[in-house]
Amino acid sequence: VEHEAAAGERRIVEVRRAILDKNDRLAERNRGFFEARGLLVLNFLSSPGSGKTTFIREAVRALQPKLKAGVIVGDLATDNDAQRLRESGAPVVQITTGTVCHLEAEMVNRALKQIDLNGLNLLIIENVGNLVCPASYDLGEDLRVVLLSVTEGEDKPLKYPPMFQSADAVIISKMDLADACGYNRELALANIRRVAPKAQIFETSAKTGQGMGAWCDFVMRQHQDGLARDLSPR
Ligand SMILES: Nc1nc2c(ncn2[C@@H]2O[C@H](COP(=O)(O)OP(=O)(O)O)[C@@H](O)[C@H]2O)c(=O)[nH]1
Ligand SMILES: [Mg+2]
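As the structure is a prediction and not an experimental result, all values here were calculated from the model.

Re a positive patch on the surface
Stage number 1. On the surface, Lys-22, Arg-25, Arg-29, Arg-110 and Lys-113 cluster together to form a positively charged patch.
Stage number 2. Of all the elements, helix α1 (residues 2-36) adds the most residues to the positive patch, at three residues.
Stage number 3. Tracing the sequence through the fold places Arg-29 in helix α1.

Below you can see the structure in the form of structure tokens.
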């Protein structure tokens, strides 16, 4: 019986590995497609309610004169976020995943066919709100952006290390609420740096606009660097 249990477990691990391998291959295809089009692609991840939709809407507005963005957003149900994101003027496609707790490269590939990419230089993907599953799924993005709001608790990077380890940038959101919820800035920054030493950190508020300028500069620099890389001979 013990033997069978071990075999069953090994089988589960194998199936899981095969699913992730397939996703990685499709993600690489997406990446080649994005590169050929000169699109900078950002994958936004966080727990539900950290402020992804609000931040993306404001960032798209702020970037508008320099970079034209499209947005793909994933949720289990409803197109509420797509409607809110359209207020920015950007083309938006909603993916509803049903029971799936993360976006997969294939879902993004399908959504791409519903968006007019002509004239766009930035694609923002708002992943399903979840600090666990989406960390395992590459979508073909250039950068992973993880949000942590000041209302969530400073220890979240330590509790969910894979998500934060994979981050290229960490956005601390809702800074306007920092005092009201007794946010410990030093502790939060130390915890992020411990898990994600290389991630760039941005302290922001979508409500007051704090940090939005620095964020936009970062995105524009990344876009420039990406173009320079793609044009340079290999
Ligand atoms: N005070 C404040 N509230 C915010 C800010 N950003 C988002 N919110 C609020 O936080 C809630 C969740 O935001 P939402 O953008 O839907 O988060 P998402 O689930 O991560 O996409 C909403 O009630 C927003 O109005 C912010 O910068 N400051
Ligand atoms: Mg949202």
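Comments concerning the site of ligand 1
Stage number 1. Taken together, the neighbourhood of ligand 1 is formed by 15 residues, with Gly-49, Lys-52, Thr-53, Thr-54 and Asp-176 sitting nearest.
Stage number 2. Between ligand 1 and the protein, one listed contact pairs an oxygen atom with a side-chain N or O atom of Thr-54 at 2.6 Å.
Stage number 3. Contact with the protein chains hides 71% of the accessible area of ligand 1, taken as 580 Å² for the molecule alone.
Stage number 4. Element by element, the count of residues in the shell around ligand 1 is highest for helix α2 (residues 52-63), at three residues.
Stage number 5. Grouping the constituent residues of the shell around ligand 1 by class yields three nonpolar, six polar and six charged.

Points about the layout of surface pockets
Stage number 1. Here the largest pocket defines a volume of roughly 220 Å³.
Stage number 2. Glu-35, Asp-142, Gly-226, Arg-229 and Asp-230 are the residues nearest the centre of the largest pocket, which is lined by 14 residues in total.
Stage number 3. Taken together, the elements giving at least two residues each to the lining of the largest pocket come down to α1 and α8 (212-231).
Stage number 4. Per-element tally for the lining of the largest pocket: the top contributor is α8, with six residues.
Stage number 5. Across the lining of the largest pocket, the residue classes break down as four nonpolar, four polar and six charged.

Notes on the coordination of the magnesium ion (ligand 2)
Stage number 1. Taken together, Thr-53 (OG1), Asp-81 (OD) and Glu-126 (OE) make up the full set of protein donors to the magnesium ion (ligand 2), lying 2.1 Å away.
Stage number 2. Along the chain, the residues that donate to the magnesium ion (ligand 2) are spaced as T-x27-D-x44-E. You can see Thr-53 sitting in helix α2 and its partner Glu-126 sitting in strand β4 (residues 122-126), a full 73 residues away along the chain. Summarising the burial analysis for this pair, Thr-53 and Glu-126 share the class buried.

Notes on the sheet that holds β4
Stage number 1. A sheet is described by the order of its strands in space; here seven strands give the open sequence β3-β2-β4-β1-β5-β6-β7, paired in parallel fashion. The sheet is open, and its two edges are formed by β3 (92-96) and β7 (200-203), each paired on a single side. Taking the axes of each pair of neighbouring strands and ignoring which way they run, one obtains an average angle of 20° across the sheet.
Stage number 2. Inspection of the sheet shows strand β1 (residues 40-45) paired to β4 by five bridges, in the parallel sense. Bridge assignment links Leu-42 to a residue of β4, and that residue is Ile-124.
Stage number 3. Sheet strands touched by helix α4 (residues 105-112): β2 (69-75), β3 and β4. Its angle to β3, the strand with the most contacts, is close to 140°.
Stage number 4. Helix α7 (residues 185-195) contacts β5 (143-149), β6 (169-173) and β7 of the sheet and is inclined by roughly 155° relative to β7.

Parameters and conventions
- Every chain is numbered on its own, with residues counted from 1 as its sequence reads.
- For naming, the first written chain is A and the first written ligand is 1, with later ones following in the order written.
- Note on the predicted model: pLDDT of at least 70 is required for a residue's local features to be given, and 80 or more for side-chain atom pairs to be given and counted; whole-chain, interface and lining totals, by contrast, use all residues.
- Values reported for side chains reflect all heavy atoms of the structure, with hydrogen atoms and water molecules removed beforehand.
- Surface patches are defined over residues having more than 30% relative accessible area and no salt bridge, joining like charges when they lie within 9 Å and nonpolar side chains (Val, Leu, Ile, Met, Phe, Trp, Tyr) when within 5 Å.
- Using the Shrake-Rupley algorithm and a 1.4 Å probe, accessible areas are obtained, with residue cover drawn only from the displayed protein chains.
- Salt bridge, as used here: a side-chain nitrogen of Lys or Arg that lies within 4 Å of a carboxyl oxygen of Asp or Glu.
- His is not counted here, nor are the chain ends, while Lys and Arg score as positive and Asp and Glu score as negative.
- The location of each charge is read from NZ of Lys, CZ of Arg, CG of Asp or CD of Glu.
- Strands here are runs of E lasting at least two residues and helices are runs of H or I lasting at least four, both read from the DSSP assignment and numbered beginning at the N terminus.
- When at least one non-hydrogen atom of a residue lies within 4 Å of a molecule or strand, that residue is treated as near it.
- N or O atoms within 3.5 Å of each other form a polar contact, as long as, within protein, one can give a hydrogen and the other can take it, and as long as residues adjacent in sequence are counted only when both atoms are side-chain atoms.
- Charged residues are taken to be Asp, Glu, Lys and Arg, nonpolar residues to be Ala, Val, Leu, Ile, Met, Phe, Trp, Tyr, Cys and Pro, and polar residues to be all remaining types, Gly included.
- Any residue with an atom within 4 Å of a point lines the site, the site being either a cavity, points on a 1 Å grid over the protein atoms alone where a 1.4 Å probe fits but cannot get out, or a pocket, an open set with protein on both sides within 12 Å along at least 5 of 7 lines.
- Grid points are joined across faces, edges and corners, and a volume is the space filled by probe spheres set on the points.
- Donors, by definition, are the N, O and S atoms found within 2.8 Å of a metal, the threshold being 3.2 Å for Na, K and Ca, and water is not counted, so a site can look incomplete.
- Relative accessibility decides the category of a residue: with a 1.4 Å probe and only protein chains considered, values under 20% of the type maximum give buried, values over 50% give exposed, and everything between is partly exposed.
- Whether two strands pair comes down to DSSP finding at least two bridges between them.
- Axis definition: a line fit to C-alpha positions, over the contact stretch in the case of helices; interaxial angles, taken between N-to-C directions, run 0 to 180 degrees.
- Contacts are assigned to residue pairs with any non-hydrogen atoms lying within 4.5 Å of each other.

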